[in-house]
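# Coordinate inspection notes
Chain by chain, the residues run as shown.
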Amino acid sequence: MTNREHEIYDVVGIGFGPSNLSLSIALEERALDEPERALSNHFFERQPRFGWHRDMLLPSATMQISFLKDLVTFRNPTSSFSFISFLHAAGRLPQFVNNQDFFPTRQEFHQYLEWAQSRVAGRVSYGSAVTSLRLVPVDPTGQPDRLRLTVADVAGQISRVVEARNVVISTGLVPKMLDGVTSDDRVWHSSEFLQKFRRMDPRELRRVAVVGAGQSAAEITRFLYDELPHAQVSAIIPSYGYSIADATPFANQIFDPRAVDHYYFGSDQTREAFWRYHRNTNYAVVDDEVIRDLYRRAYDDEVRGVDRLHFLNLTRVDAVKRSGAETRVLLRGGPAGEKDELEVDALVCATGYDSMEPTGLLCALDEHCLRDETGRLRMERDYRVATTPDVPCGIYLQGGTEHTHGLSSSLLSNIAVRSGEIVDSILARSAGRNDKRSMYARAAGGVR
């Protein structure tokens, strides 16, 4: 296949979760506003269909951000892709308003995301994984102006090769298990909770345990207690109890778009202060309502003389031993660090996620990407990876930039503004490249 036969796009998105969905909408709306500057684009997603944390869509779980922090509103309040537009299209706008709640259920927000992606699905290839990126030397000046992407289907076979002047990587967070523990039919990560739970006969789940101190851990503990009225439910918590998420107005300002500038251009001391003072807005914390729900259940059990919900505070998992259907959890806990053992029919590890790491995807291109003194990718303010001068192509990240852009780097809070900034950057750099090409063309004409 020759270069001319390759599909060529101005922008290719790798991964199609909410972040790149927001980017796709931003590209579409910019093309409608300025047709002469429209950017051709396509997205590749390894999942067979759109899905966002499907296995954590618990019936009672609500969003932790306002519905106004949707895919578009902070960038374009008049967008037809807003959550309000979705409610209107679904015929539920009056009912939602009457509910007097800024925080929809996670299930309803997922319906909104599916509705939005259905309107841009023609530019998405599902069941397609980008396996490598490399430079394509085609520019007359001797510099590569495109990247070549190899795309494989779900069976791992190369299905197509495309070229892009810019790529935006958003492959999502990576589930993190306990050290030395692997997921199986009895040991689950929270990211796969519902699918694993539904495969089980509930009658077989007489003893279940959840590891973790964050929102997912608390929500799953509540779900298991409600869904398995016959079961013993243990919450293994490394802290003394669940800590409340700080959702107060002043603390929430760290998720405002301007806070990204304060973090990015701030001193090391400023950045450290962000994390020291405001980790409790998002990390290993739980909404007040969920904490109170669990405490009420435990108290009601005590009143009735029922011993079913157990909170193992200051407790960590040393190891997990599996033998057939038997799962033994070796614990170290309490003020003195006593060893203990817990037998369970299922163990859920709500142990969080690691940040997106694109190094494996970049392959040989990684040697052109600049890194800081700790080995982390250097990032420009526009979410573009800093590269050597011989790489004029844009490599952008949506996620994995907490070290440069702060707490909202991989969260929904700033998703609309971030996507708009990336589109603005690509357009500005594209204009610069076109000006440069015109200069070379004029120079070549003069020689002739």
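Computed from a predicted structure; not experimentally measured. (Residues numbered from 1 in each chain as written. Predicted model: local features only at pLDDT ≥ 70, side-chain atom pairs only at ≥ 80, totals over all residues. Heavy atoms only, no water.)

## Quick look at empty space enclosed by the protein
Worth spelling out the cut-off: Only protein atoms enter the 1 Å grid used here. Points where a 1.4 Å probe fits but cannot escape make up a cavity, open sets with protein on both sides within 12 Å along at least five of seven lines make up a pocket, and a residue lines them when an atom lies within 4 Å of a point. Grid points are joined across faces, edges and corners, and a volume is the space filled by probe spheres set on the points. What counts as a helix is a DSSP run of H or I of at least four residues, what counts as a strand is a run of E of at least two, and both are numbered from the N terminus.
Summed over all chains, the structure comprises one cavity of 30 Å³ or more. Estimates place the volume of the largest cavity at around 30 Å³. For the lining of the largest cavity, the leading source of residues is helix α8 (residues 257-264), giving three residues.

## Observations concerning the sheet that holds strand β12 (residues 315-323)
As a reminder of what qualifies: Here, a strand pair is defined by DSSP locating no fewer than two bridges between the strands. For helices, the axis comes from a line fit to the C-alpha atoms of the stretch in contact; other axes are also lines fit to C-alpha atoms, and the angle between any two N-to-C directions lies between 0 and 180 degrees.
One open sheet accounts for three strands, arranged β12-β13-β14; its pairing is antiparallel. Looking at strand neighbours, the two that pair on one side only are β12 and β14 (338-344), the edges of this open sheet. Across the sheet, the axes of successive neighbouring strands diverge by a mean angle of 20°, strand direction being ignored. Pairing of β12 with strand β13 (residues 326-333) involves eight bridges; the strand directions are antiparallel. Along β13, the bridge assignment pairs Val320 with Val329.

## Describing the packing of aromatic side chains
The geometry of two aromatic rings is summed up by the distance between their centres and the angle between their planes. Here is the rule we go by: Each aromatic pair joins two rings of Phe, Tyr and Trp (for Trp, the six-membered one) with centres within 6.5 Å, and gets the label stacked for planes under 30 degrees apart, edge-to-face for over 60, and tilted for any other angle. Buried residues are those whose accessible area, probed at 1.4 Å on protein chains only, stays under 20% of the maximum for their type, while exposed residues exceed 50% and partly exposed ones sit between those limits. By definition, being over a ring means that NZ of Lys or CZ of Arg is both within 6 Å of the ring centre and within 35 degrees of the ring normal.
For the structure on display, the rule yields 23 aromatic pairs. Arranged with centres 5.6 Å apart and planes meeting at 50°, the rings of Trp275 and Tyr283 form a pair that is tilted. Given a relative accessible area of 24%, Tyr283 falls into the partly exposed group. The aromatic ring of Phe81 is capped on one face by Arg119, whose charged end is 3.8 Å from the ring centroid. Sitting over the ring of Tyr225, Arg308 keeps its end group 3.8 Å from the ring centre.

## Topic: the nonpolar core
Applicable threshold: As used here, the term nonpolar core means buried Ala, Val, Leu, Ile, Met, Phe, Trp, Tyr and Cys residues forming a set that is joined through side-chain atoms within 4.5 Å. Any two residues whose heavy atoms approach within 4.5 Å at even a single point are treated as in contact.
In terms of nonpolar packing, the biggest core is built from 37 residues, with Leu21, Ile25, Leu71, Phe83, Phe109 and Leu113 touching the most fellow members. At the level of elements, α1 (18-33), α2 (83-90), α4 (106-118) and α13 (415-447) are the ones that each hand at least two residues to this core. Ignoring sequence-local partners within four residues, the contact set of Leu71 consists of Pro18, Leu21, Ser22, Ile25, Tyr112, Leu113, Ala116, Ile415 and Ala416. Counting residues in each nonpolar core, the second largest holds 32 residues, with Met56, Leu58, Leu228 and Ile291 among its members.

## Observations regarding unusual backbone geometry
For His53, which is not a glycine, the phi torsion comes out positive at approximately 45°. Relative to the helices and strands, His53 resides in the loop between β2 (41-45) and α2. Judged by relative accessible area, which is 38%, His53 ranks as partly exposed. Positive phi, normally seen in glycine, also occurs at Gln100, with a value near 55°. Tracing the backbone shows Gln100 in the loop between α3 (93-99) and α4. On the basis of relative accessible area, Gln100 is assigned to the exposed category, the value being 73%.

## Notes on a nonpolar patch on the surface
Just so we agree on the cut-off: Any residue with relative accessible area above 30% and no salt bridge may belong to a patch, with like charges joined within 9 Å and the nonpolar Val, Leu, Ile, Met, Phe, Trp and Tyr side chains within 5 Å. Computed by Shrake-Rupley with a 1.4 Å probe, the accessible areas treat only the displayed protein chains as cover when residues are assessed. By convention in these notes, a salt bridge is any Lys or Arg side-chain nitrogen within 4 Å of a carboxyl oxygen on Asp or Glu.
A cluster of nonpolar side chains, contributed by Leu68, Phe74, Phe102 and Phe103, occupies part of the molecular surface with about 360 Å² of accessible area. Mapped onto the fold, Leu68 is located in the loop between β2 and α2.

## Overview of the pattern of salt bridges
Applying the stated criterion across every chain, the model contains 37 salt bridges. Between Arg381 and Glu421 there is a salt bridge; the shortest N-O distance is 3.2 Å. Of this pair, Arg381 sits in the loop between α11 (359-362) and β17 (394-397) while Glu421 sits in helix α13, and the two are 40 residues apart along the sequence. Relative accessible area serves as the criterion here: at 24%, Glu421 is assigned to the partly exposed category. Three or more residues joined by partner-sharing salt bridges are found here, namely Arg30, Glu34, Arg37 and Asp424.

## A word on the sheet that holds strand β11 (residues 309-312)
Reading across the sheet, the five strands line up as β8-β15-β9-β10-β11 and stay open at both edges, with parallel pairing between neighbours. Every other strand in the sheet has two partners, leaving β8 (187-189) and β11 as the edge strands with one partner each. Pairs of neighbouring strands in the sheet enclose a mean axial angle of 20°, with direction left out of account. When strand β10 (residues 232-236) meets β11, the two strands line up parallel, connected through four bridges. Its bridge partner being in β11, Val233 is matched across the sheet by Leu309. In the packing of helix α6 (residues 215-227) onto the sheet, contacts are made with β9 (207-211), β10, β11 and β15 (346-349), and the angle to β9 comes to roughly 165°.

## Quick notes on the state of the cysteines
Applied cut-off: In plain terms, two cysteine sulfur atoms within 2.5 Å form what is called a disulfide here.
All chains considered together, the criterion is met by zero disulfides. Not engaged in a disulfide, the cysteine Cys363 finds its nearest cysteine sulfur in Cys369; these two sulfurs lie 11 Å apart.

## Things to note about the side chain of Asp382
Note the cut-off: Polar contact criterion, stated in full: a pair of N or O atoms within 3.5 Å, where within protein one must be able to donate a hydrogen and the other to accept it, and residues adjacent in sequence count only if both atoms are side-chain atoms.
Topologically, Asp382 is positioned in the loop between α11 and β17. Asp382 sits in the buried class, given a relative accessible area of 18%. Reaching out from Asp382, the side chain makes a polar contact with the backbone nitrogen of Arg384 at a distance of 3.2 Å. Within the structure, Asp382 has its side chain in polar contact with the side chain of Ser425 (distance 2.6 Å). When sequence neighbours within four positions are dropped, the list of residues in contact with Asp382 reads Tyr396, Ile422 and Ser425.

## Considerations on the environment of Ser40
Note on placement: Ser40 falls in the loop between α1 and β2. Residue class for Ser40 comes out partly exposed when judged on its relative accessible area of 31%. Along the chain, Ser40 and Leu397 lie 357 residues apart, while their C-alpha atoms are 19 Å from each other. Ignoring sequence-local partners within four residues, the contact set of Ser40 consists of Ile8, Tyr9, Asp10 and Val11.

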